[in-house]
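Residues per chain are reported as follows:
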Amino acid sequence: MKYKFIVWDYNGTIIDDAWVAVAAENIVLKAHGNPEINMDFYLRECEMPIRNFYDKIYDFSVCDFRQVADAFLENYDRISAEAKPFPEVCEAIRRFERLGLHQGVISGFETGRLTSSLEKFGLDGFFDFMSGADDVDCGSKSERAAAIVKKYGYDPKETLFIGDMYHDFETASRVGADCVLIAKGHQGAEVLKSYGDVAVLGSAYELSGIID
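The rules behind these values
Residues numbered from 1 in each chain as written. Predicted model: local features only at pLDDT ≥ 70, side-chain atom pairs only at ≥ 80, totals over all residues. Heavy atoms only, no water. Buried < 20%, exposed > 50% of the residue type's maximum accessible area, 1.4 Å probe, protein only. Helix = DSSP H or I, 4+ residues; strand = E, 2+ residues; numbered from the N terminus. Arc of directions from axis to C-beta. Salt bridge = Lys/Arg side-chain N within 4 Å of Asp/Glu carboxyl O.

Regarding helix H3 (residues 50-57), the residues found buried are Ile50, Phe53, Tyr54 and Ile57. Projected down its long axis, H3 carries its buried residues within an arc of 100°, all on one side.

Here it is in structure tokens:
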């Protein structure tokens, strides 16, 4: 097989939570007297770092970014109790383990939330590492990814990153690894395909043709 190492993103890739993000954001937007957003807008406009997206929907001359971000996380934590992993992704994770592939998770999600969520769904035991961010800004994962991949001895030429946003492709490129994006998360298929330099899949079921 071409790949021996798989690095997963979490939000929108393993867990189906784009709808949670929209619901949580709308609560905060409403509290600030701003128009609510729908899923189409979110999938078209969401990007990382998250401040870039927030600049499109908030006026930070009249509100504080940190306050808005904290309020979002509070609502996200409450609503996300109903979120579940994509069944086809769980299937792929288990299949990759049977194939003897090493797997890890590098996420913009805060570390405690990431590990707790993976434990909740019984997925924590499949990964060599679970690396989350510890800043509310959810900034670049690239430098953290490069250090972690090196630490665990992943050969970039034999590593595949799997994500749902163009930032995941940027992260993989920084490491020197390949990447595929699954258009079921926080950026829509049209947006992902518009970049033109990354493979975009409709679902994790299509991973078998890439891994085998």
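What follows covers the pattern of salt bridges. For the structure on display, the rule yields 9 salt bridges. With its nearest N and O atoms 2.8 Å apart, the salt bridge here joins Lys56 to Glu47. Judged by its relative accessible area of 37%, Lys56 falls in the partly exposed class. Given the relative accessible area of 26%, Glu47 is considered partly exposed. Two residues, Arg113 and Asp77, come together in a salt bridge whose shortest N-O distance is 2.9 Å. A residue pair is termed long-range when its members are at least 10 positions apart, and Arg113 in helix H6 (residues 111-120) and Asp77 in helix H4 (residues 65-79) qualify at 36 residues. One continuous salt-bridge network, built from bridges that share partners, spans Arg44, Glu45, Glu47 and Lys56.

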